[in-house]
Amino acid sequence: ESTNPITSEAEETMIGRWQLVYSSTQLFRSSPFFMAGRAVCQTPAQAKQYDWFCDMHRAALAISNIGAVRQIVTPTNKLISEFEVKVGSVPFVGD
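Predicted model only: the values in this text are computed from it and were never measured. (Residues numbered from 1 in each chain as written. Predicted model: local features only at pLDDT ≥ 70, side-chain atom pairs only at ≥ 80, totals over all residues. Heavy atoms only, no water.)

1. Comments concerning the sheet that holds strand β3 (residues 79-87)
We count it as follows: Pairing between strands requires that DSSP locate at least two bridges from one strand to the other. Put simply, DSSP H or I for four residues or longer makes a helix, DSSP E for two residues or longer makes a strand, and each gets a number counted from the N terminus. Here the axes come from fitting lines to C-alpha atoms, over the contacting stretch only for helices, and the angles between their N-to-C directions go from 0 to 180 degrees.
Read from one edge to the other, the open sheet built from three strands follows the order β1-β2-β3, with strand pairing classed as antiparallel. Edge positions in the sheet fall to β1 (16-19) and β3, since each of these pairs with one other strand and no more. Ignoring strand direction, the axes of neighbouring strands in this sheet form an average angle of 25°. In the sheet, β1 pairs with strand β2 (residues 64-73) via four bridges, with the strands oriented antiparallel. In the sheet register, tryptophan 18 faces β2, and the bridge partner there is glutamine 71.

Rendered as structure tokens:
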């Protein structure tokens, strides 16, 4: 930040709701929670294990589709992540 300080004008342009328009991976992996999980992997084996976990997580939720993924930057510099989930029916639930 000292070599490239952010001006208050630049900070103001960041305030608002931002929608994810591209991801090279599963959409849920674009959340800060899952990105932080991947960031703590220190070895290729840990990364492979984390990838397996993410694949199993997605498979367990196969009845759902992830819709819009957004991040909101508030005037108080709070970052909020949100996403829409469209859930299908689960066979035999509620019978």
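Having put the structure on the table, let's press on.
2. As for the nonpolar core
The following threshold applies: Only buried residues count toward a nonpolar core, which is a set of Ala, Val, Leu, Ile, Met, Phe, Trp, Tyr and Cys residues joined through side-chain atoms within 4.5 Å. Here the term buried applies to any residue with accessible area under 20% of the maximum for its type, exposed to any over 50%, and partly exposed to those in between, with areas from a 1.4 Å probe on protein chains only. Residues are treated as being in contact if the distance between any of their heavy atoms lies within 4.5 Å.
Within the largest apolar cluster, six residues are counted, these being Phe28, Phe34, Cys41, Ala47, Tyr50 and Cys54. Of the residues forming this core, the biggest block, three residues, is contributed by helix α3 (residues 44-60). Residues in contact with cysteine 54, not counting those within four places in the same chain, are Gln26, Phe28, Arg29 and Phe34.

3. Observations regarding the packing of helix α2 (residues 32-39) against α3
Inclusion rule: The cut-offs work like this: below 35 degrees is roughly parallel, past 145 is roughly antiparallel, 65 to 115 is roughly perpendicular, and the gaps in between are oblique.
In the contact formed by α2 and α3, the axes pass within 9 Å of each other and the chain directions differ by 155°. For the element pair α2 / α3, the angle class is roughly antiparallel. Across the interface between the two elements, Phe33, Phe34, Gly37 and Arg38 of α2 pack against Ala47, Tyr50, Phe53, Cys54 and His57 of α3.

4. Comments concerning the side chain of threonine 74
Counted only if it meets this: Whenever two N or O atoms come within 3.5 Å, that pair is a polar contact, provided that in protein one can donate a hydrogen and the other can accept it, and provided that, for residues adjacent in sequence, both atoms are side-chain atoms.
By the secondary structure assignment, threonine 74 is in the loop between β2 and β3. On the basis of relative accessible area, threonine 74 is assigned to the buried category, the value being 15%. A polar contact is formed between the side chain of threonine 74 and the backbone nitrogen of lysine 78, at a distance of 2.9 Å. If near-sequence neighbours (up to four positions away) are discounted, threonine 74 is found in contact with Ile15 and Ile80.

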